[in-house]
Amino acid sequence: MTAATGTRPDRPAEVGSVFDAIVVGAGFAGMYMLHRLRGLGFSARVYEAGGGVGGTWYWNRYPGARCDVESMQYSFSFSEELDQEWNWSEKYAPQSEILSYANHVADRFDLRRHIVFDTRLTAATFDEVENCWRVETDRGDKVSAKFCIMAVGCLSAPNRPHFKGLEDFQGPIYHTGEWPHEGVDFTGLRVGVIGTGSSAIQSIPIIAQQASALTVFQRTATYSVPAWNEKLTPEYRQSIKADYPALRAKARARPTGFYFPFNMKSALEASPEEREKQYEEAWAKGGLPFLGSFGDLLFEKSANDTIADFARRKIRSIVKDPKTAELLCPDNIFGCKRLCVDTGYFETYNLPHVDLVNIRATPIDKITPEGIRTTDKDYPLDIIVFATGFDAMTGSLLKIDIAGRDGVKLQDTWSAGPVNYLGLQVPGFPNMFTITGPGSPSVLANVILAIEQHVEWLGDLLRHAQAQGITEIEAHATAQESWMAGVRDSADRTLYPRANSWYTGSNVPGKPRVFMPYIGGVGRYRQICEQMVADGYKGFRFEAKTAAAAE
Ligand code: N01
């Protein structure tokens, strides 16, 4: 499979250096963590597998890639100057603009000289004698640090299904999550896309404009809401910038971490006419806020049925061929598998050269040299696009050989699914922290805001540790147990765990089925973290070189 890689400068491996902190990843989490650490006077080294900053926005360069949280909110809020100087051009910024923003942040805060690019962390081992993490990279670096901070991203390990005959295909195969930097020209070619999640629904309409024939291989139909993307006017931007801090404050208090009007009324208490009106109005505004049409949609199956029914009727009204329309109508719970936001996705199936194949009914048997063979027939193709998503939330962490106290591996500790305290730390892995780890709101929120909260909390903790001479920070196993019980309970109060999705790991064969993120929302989660600090970092064990320390 063709992969997008950055340049790999020929630099000598670094051996023996000691830092206060190692940060893994230079996406938004790694960049802000680095900025914070530098501001606190800590020495830090960041290792980044890509050739530049931006994380998921560095790799996901497929046609049509853009954010689906409004740009004016999908950005750092920690610097009022940054907020004021950056101008987003569209309601939902394209990938190229988000990557430019990431580069601007790296330059503005002078981050690059602390980042080693084109270098993947391969191993991290806790040294119990020296109380430090010893890390290794794929370029031979061997360095150590008191703290190891994993900012590896929740959606950064591509999920590549193992189809028979994959290596025999004569044309190129691309994964949306590792798109070639030089782009792909589909003009006049027969293209097959496997998958119908967010990456597919964004890329399919663009690929269809170029390809001579496009065949989409769908296993599960997806709900998608129109983006109604538009250019932002200077007047609109100014209206936000005039009181940006107020918008940011409202977003921080919201479960989702971004602000939009939310209707708390019950869908079941509304009359059918009221419901229809509400859904029509929300559809006309578009985007993820459609899920905020009523307050009980994600809690009551019968309420959810009403929005699912509305969305299916919309699909049938857009797609002209009734058989294709039926195939595109999802039968699962609305919004509990990540909702998609599209521009012209369903309309694309009205084009004469676009076909949909139901691979639930006739699964892919193998990839042949000429294309894809299902149990039903052969589809000749020039290019295959895997829009098959990610080994989400745990994939990137578990690719690293992480050994904690007594040499215990993270892979073993998480063999039945990820466990930790507050999504921040795993008992047995002292001084290692995860930014937006499983067990925190992360992917269920405006992730940049979730990142900021984690980084700021961690910065405060490390400053506290430095001031108190604390050498070891480790979550208690009992704190982990009660946090994980809370994560499960809050998920079980909703419909989310009932759906098969990457939230539950069910998209990756063999992955334990566990609902991974904390669903209580970023506002509530922030309060929990603040209370924990007010209670003397309850749930963490601190150890100082000189004196025993705090609970
Ligand atoms: O991945 P997905 P994605 N055989 O897992 C199918 C974020 N994101 O890259 O549903 C055949 O959603 C799979 O089928 P099924 C966003 O959070 C955001 O699209 O498992 N098919 C599914 O249809 C998003 O949710 C944006 O049955 C196989 C598809 O591949 C997340 O990233 C844009 C298969 C994968 O869909 C992931 O999105 C893009 C197999 N063996 C991504 N394995 C924004 O707009 C998998 N599939 C911000």
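Since we're looking at a predicted model, the values are computed, not measured.

Rules and cut-offs
Residues numbered from 1 in each chain as written. Predicted model: local features only at pLDDT ≥ 70, side-chain atom pairs only at ≥ 80, totals over all residues. Heavy atoms only, no water. Helix = DSSP H or I, 4+ residues; strand = E, 2+ residues; numbered from the N terminus. Rg over C-alpha atoms; globule rule 2.2 N^0.38 Å. Buried < 20%, exposed > 50% of the residue type's maximum accessible area, 1.4 Å probe, protein only. Contact = heavy atoms within 4.5 Å. Areas by Shrake-Rupley, 256 points an atom, 1.4 Å probe, with all protein chains shown as cover. Lys, Arg positive; Asp, Glu negative; His and termini not counted. Charge placed at Lys NZ, Arg CZ, Asp CG, Glu CD. Pairing = 2+ DSSP bridges. Near = heavy atom within 4 Å. Polar contact = N/O pair within 3.5 Å; in protein donor to acceptor, adjacent residues only side chain to side chain. Nonpolar A, V, L, I, M, F, W, Y, C, P; charged D, E, K, R; others polar. Axes fitted to C-alpha atoms, helices over the stretch in contact; angles between N-to-C directions. 1 Å grid on protein atoms, 1.4 Å probe; cavity = no way out; pocket = protein on both sides within 12 Å on 5 of 7 lines; lining within 4 Å. Points joined across faces, edges and corners; volume = space filled by probe spheres on them. Salt bridge = Lys/Arg side-chain N within 4 Å of Asp/Glu carboxyl O. Phe/Tyr/Trp six-rings, centres within 6.5 Å; stacked < 30°, edge-to-face > 60°. pLDDT = per-residue confidence, 0-100.

## Section: the overall build of the protein chain
(1) Moving on: When helices and strands are tallied, the protein chain shows 16 helices and 20 strands.
(2) Moving on: By the compact-globule yardstick of 24 Å for 551 residues, the protein chain fits well, its C-alpha radius of gyration being 24 Å.
(3) Moving on: Its C-alpha atoms put the protein chain at 75 × 55 × 45 Å along the principal axes.
(4) Moving on: A buried classification covers 58% of the 551 residues belonging to the protein chain.
(5) Moving on: The contacts in the protein chain between residues at least 6 apart in sequence include a share of 72% that link residues at least 24 apart.
(6) Moving on: Surface summary for the protein chain: the accessible area is close to 22500 Å², and the carbon and sulfur share equals 51%.
(7) Moving on: Separation of charge centres in the protein chain, based on 58 positive and 66 negative side chains, amounts to 1 Å.

## Regarding the pairing of strand β14 (residues 371-374)
(1) Moving on: Strand direction decides the pairing type here: strand β13 (residues 364-368) and β14, joined by four bridges, are antiparallel. Across the sheet, residue K366 finds its bridge partner in β14, namely R373.
(2) Moving on: Turn length for the β13-β14 hairpin, with the two strands adjacent in sequence and antiparallel, is two residues.
(3) Moving on: Two strands pair when backbone bridges link them, and β14 and strand β15 (residues 378-380) are joined in this way by three bridges, in the antiparallel orientation.

## Focus: the site of the ligand
(1) Moving on: Around the ligand, a shell composed of 26 residues is seen, among which T196, S199, R219, T220 and K337 lie nearest.
(2) Moving on: Backbone polar atom of S198 to an oxygen atom of the ligand: 2.9 Å apart, as the coordinates give it.
(3) Moving on: For the ligand, the accessible surface in isolation is 910 Å², of which the surrounding protein chains cover 88%.
(4) Moving on: Looking at the shell around the ligand, the element that brings in the most residues is helix α5 (residues 198-210), giving three residues.
(5) Moving on: Its residues assigned to classes, the shell around the ligand shows 10 nonpolar, 10 polar and six charged.

## Observations regarding the sheet that holds β15
In any sheet, the strands associate via hydrogen bonds between backbone groups, in a parallel or an antiparallel arrangement.
(1) Moving on: An order of β13-β14-β15 is seen for the three strands of this open sheet, with the pairing classed as antiparallel. The strands lining the two open edges of the sheet, one partner per strand, are β13 and β15. Averaged over all pairs of adjacent strands, the angle between strand axes in this sheet comes to 20°, irrespective of strand direction.

## Points about the environment of Q425
(1) Moving on: Here Q425 lies in the loop between α13 (410-413) and β18 (432-434).
(2) Moving on: Among the residues examined, Q425 registers a relative accessible area of 1% and is labelled buried.
(3) Moving on: Spatially, the C-alpha atoms of Q425 and M33 are 16 Å apart, while their sequence positions differ by 392 residues.
(4) Moving on: Excluding its chain neighbours within four sequence positions, the residues that come into contact with Q425 are N420, P430, N431, M432, F433, T434, I473, E474, A475 and F540.
(5) Moving on: A polar atom in the side chain of Q425 sits 3.4 Å from the backbone oxygen of M432.
(6) Moving on: Here the side chain of Q425 touches I473 through a polar contact of 2.9 Å, landing on its backbone oxygen.

## Re the layout of surface pockets
(1) Moving on: Reported here for the second largest pocket is a volume of approximately 530 Å³.
(2) Moving on: Surrounding the second largest pocket, 27 residues form its lining, E70, F260, P261, K285 and P289 being those nearest its centre.
(3) Moving on: Taken together, the elements giving at least two residues each to the lining of the second largest pocket come down to α6 (234-241) and α8 (272-285).
(4) Moving on: Among the elements that line the lining of the second largest pocket, the one with the most residues is α8, at four residues.
(5) Moving on: Here the lining of the second largest pocket is built from residues that sort into 15 nonpolar, six polar and six charged.

## Thoughts on the pattern of salt bridges
Side chains bearing opposite charge may pair, as long as their charged atoms lie close to each other.
(1) Moving on: Under the criterion given, the structure shown has 30 salt bridges.
(2) Moving on: The partner of E136 in a salt bridge is K142, and the shortest N-O contact between them spans 3.9 Å.
(3) Moving on: Taking the relative accessible area as the measure of exposure, E136 reaches 35% and is therefore partly exposed.
(4) Moving on: Exposure remark for K142: the relative accessible area of 44% places this residue in the partly exposed category.
(5) Moving on: Residue R541 pairs with E472 through a salt bridge whose shortest N-O separation is 2.6 Å. Linking R541 in strand β20 (residues 540-544) with E472 in strand β19 (residues 470-475), this pair joins segments that are 69 residues apart in sequence.

## Focus on the packing of aromatic side chains
(1) Moving on: Scanning the model with the defined rule gives 40 aromatic pairs in all.
(2) Moving on: Where W57 meets Y74, the ring centres are 5.9 Å apart and the plane angle is 80°; that geometry is what we call edge-to-face. With W57 in helix α2 (residues 56-59) and Y74 in the loop between α2 and α3 (80-85), this residue pair connects regions lying 17 residues apart in the sequence. For the pair W57 and Y74, one class covers both residues: buried.
(3) Moving on: By way of ring pairs, the aromatic residues F28, Y32, F76, F78, W86, W88, Y101 and F109 are connected into one cluster.

## Observations regarding the side chain of K91
(1) Moving on: You can see K91 is positioned in the loop between α3 and α4 (95-108).
(2) Moving on: Here K91 is buried and forms no salt bridge, its nearest opposite-charge partner E70 lying at an N-O distance of 4.5 Å.
(3) Moving on: Beyond its immediate chain neighbours, meaning those up to four positions away, K91 contacts E70, S71, A227, W228, N229, E230, L232 and K285.

## Quick look at the confidence of the model for the protein chain
Caution is warranted with low-pLDDT regions, since their predicted coordinates should not be read in detail.
(1) Moving on: Mean pLDDT over the protein chain works out to 95, with 97% of the residues at or above the 70 mark.
(2) Moving on: Contacts from residues 547-551, a stretch scored under 50 in pLDDT, to residues over four places away or in other chains number 10 contacts.

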